Amino acid sequence: LSEVDLKTFTVSRVLAGERFARGLAFDATRNALYEITYFSGKVRAFDLASGEVRWELSAGGRPDSVTLAADTLWINSMAGVLSVDLAQVWGQTEMP
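These numbers come from a predicted model, not from an experiment.

Chemist: Sorry, what's going on with the sheet that holds strand S7 (residues 65-69) here?
Modeler: Sheet strands line up and pair through hydrogen bonds in the backbone, either parallel or antiparallel. A sheet is described by the order of its strands in space; here three strands give the open sequence S7-S8-S9, paired in antiparallel fashion. A strand with exactly one partner marks an edge of an open sheet, and here the two such strands are S7 and strand S9 (80-85). Pairs of neighbouring strands in the sheet enclose a mean axial angle of 20 degrees, with direction left out of account. Two strands pair when backbone bridges link them, and strand S8 (residues 72-77) and S9 are joined in this way by six bridges, in the antiparallel orientation. Its bridge partner being in S9, Trp74 is matched across the sheet by Ser83.

Given below as C-alpha cells:
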C-alpha cells in the first residue's frame, strides 16, 4: 500500500499490506485504514500515524469487499456477510 504526496505525486510512505488485497476502508475517527486480504482471508487495521498493523482478524473465506458504517466494519466473503464491532475490537466503550 503506497501513500502518495498529492503535490509531487511521489510515494511518501509504503505500508506493509498484502499483495492481493481486495478492499480498503478509511476510519477518520481512529485515523486507521482497514485492508481485507483475499488469499489469507483476513482484515487488518493499520494505524496511519505509525504505519503499523494494530490488529488482524479472520474474515472468512476470501473476503471480497469492505464497508465502514458508523462503528461497524461490514465484510463480504465466501463465508457470507460478516460484521466487526470496531469499538470492541479497538477496546473502546465509546467512539472518541
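Chemist: Mind showing me how you'd approach the side chain of Thr37 here?
Modeler: On the secondary structure map, Thr37 appears in strand S4 (residues 32-37). Among the residues examined, Thr37 registers a relative accessible area of 0% and is labelled buried. For Thr37, the contacting residues outside a window of four places in its chain are Glu18, Ala21, Lys42, Arg44 and Pro63.

Rules used throughout
- Residues numbered from 1 in each chain as written.
- Predicted model: local features only at pLDDT ≥ 70, side-chain atom pairs only at ≥ 80, totals over all residues.
- Heavy atoms only, no water.
- Pairing = 2+ DSSP bridges.
- Helix = DSSP H or I, 4+ residues; strand = E, 2+ residues; numbered from the N terminus.
- Axes fitted to C-alpha atoms, helices over the stretch in contact; angles between N-to-C directions.
- Buried < 20%, exposed > 50% of the residue type's maximum accessible area, 1.4 Å probe, protein only.
- Contact = heavy atoms within 4.5 Å.

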